Amino acid sequence: MKKSRIVAVALSLLAVFAIGLAGCSKSSKSGSNQQASFKNKTTKKADVKSTLTKSTQLWYVAGAVNSKSNSGLEAYRFNSDGKVTVYNVDKFYKSYSAADKANALNKVGTLNTTFKTKGDNTIINFKGKLSDIPMTQKFTVKDTLTGKNNASKLKVAGYHIARDVDQDVTKAVLVKVAN
């Protein structure tokens, strides 16, 4: 009788422990930090391209949503004709017009863009001149993200990317201020 109670208690504890672990692993994968407008979007070519080119906002490229830089941020403004204007800005701005009004848009150049799909990833190729220096770079769009930039207290949404400049690949984010 005593032996069966010990076995029952041990099996009960094991079951509770297993249920607890299952709950923890599900909650970490749920994507609770994702904003509704980006939650169901994929990173397929059509979705990424339309999201970037139909927006009149600035798309910021940084190491992370809250990374700090002494030289400012790169801001990209895509248009539907396959070109992107690149600016250097000092911080995240709520809108393009707010950055323009603050006289914070330091134009670096204009690049030609092409979008293509490779597997589940969208690849954006850039070619042109920045500060009169010829350059090419590639963004491989990985996953969607949302977050909050602590310095500006603005919510942002966008993508995790792998940024390839001259075969030097770094992790970065490509985000815009969410309304």
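Structure: see above.
Residues numbered from 1 in each chain as written. Predicted model: local features only at pLDDT ≥ 70, side-chain atom pairs only at ≥ 80, totals over all residues. Heavy atoms only, no water.

Colleague: Help me get a handle on the pairing of strand S4 (residues 106–118), residues and values and all.
Modeller: Bridge analysis of strand S3 (residues 83–89) against S4 gives six bridges, and the strand direction is antiparallel. Across the sheet, Val86 pairs through a bridge with Gly109, a residue of S4. Looking at chain direction, S4 and strand S5 (residues 121–130) are connected through 10 bridges and run antiparallel. By the bridge assignment, Lys118 is partnered in S5 with Asn121. What sits between the antiparallel neighbours S4 and S5 is a turn of two residues, in which Gly119 has the positive phi angle 65°. (Pairing = 2+ DSSP bridges. Helix = DSSP H or I, 4+ residues; strand = E, 2+ residues; numbered from the N terminus.)

Colleague: A description of the environment of Asn112 should follow, citing residues and the corresponding values.
Modeller: Turning to its location among the elements, Asn112 is positioned in strand S4. On a C-alpha basis, the gap between Asn112 and Thr136 in space is 9.5 Å, while along the polypeptide they are 24 residues apart. Asn112 has contacts with Gly82, Lys83, Asn125, Phe126 and Lys127, leaving out every residue within four places of it along the chain. A distance of 2.6 Å separates polar atoms of two side chains, one belonging to Asn112 and the other to Lys83. (Contact = heavy atoms within 4.5 Å. Polar contact = N/O pair within 3.5 Å; in protein donor to acceptor, adjacent residues only side chain to side chain.)

Colleague: Report on the environment of Thr140, specifying residues and quantitative values.
Modeller: With respect to the helices and strands, Thr140 occurs in strand S6 (residues 133–149). The spacing of Thr140 and Asn125 is 15 residues in sequence and 8.7 Å in space, taken between C-alpha atoms. For Thr140, the contacting residues outside a window of four places in its chain are Asn121, Thr122, Ile123, His160, Ile161 and Ala162.

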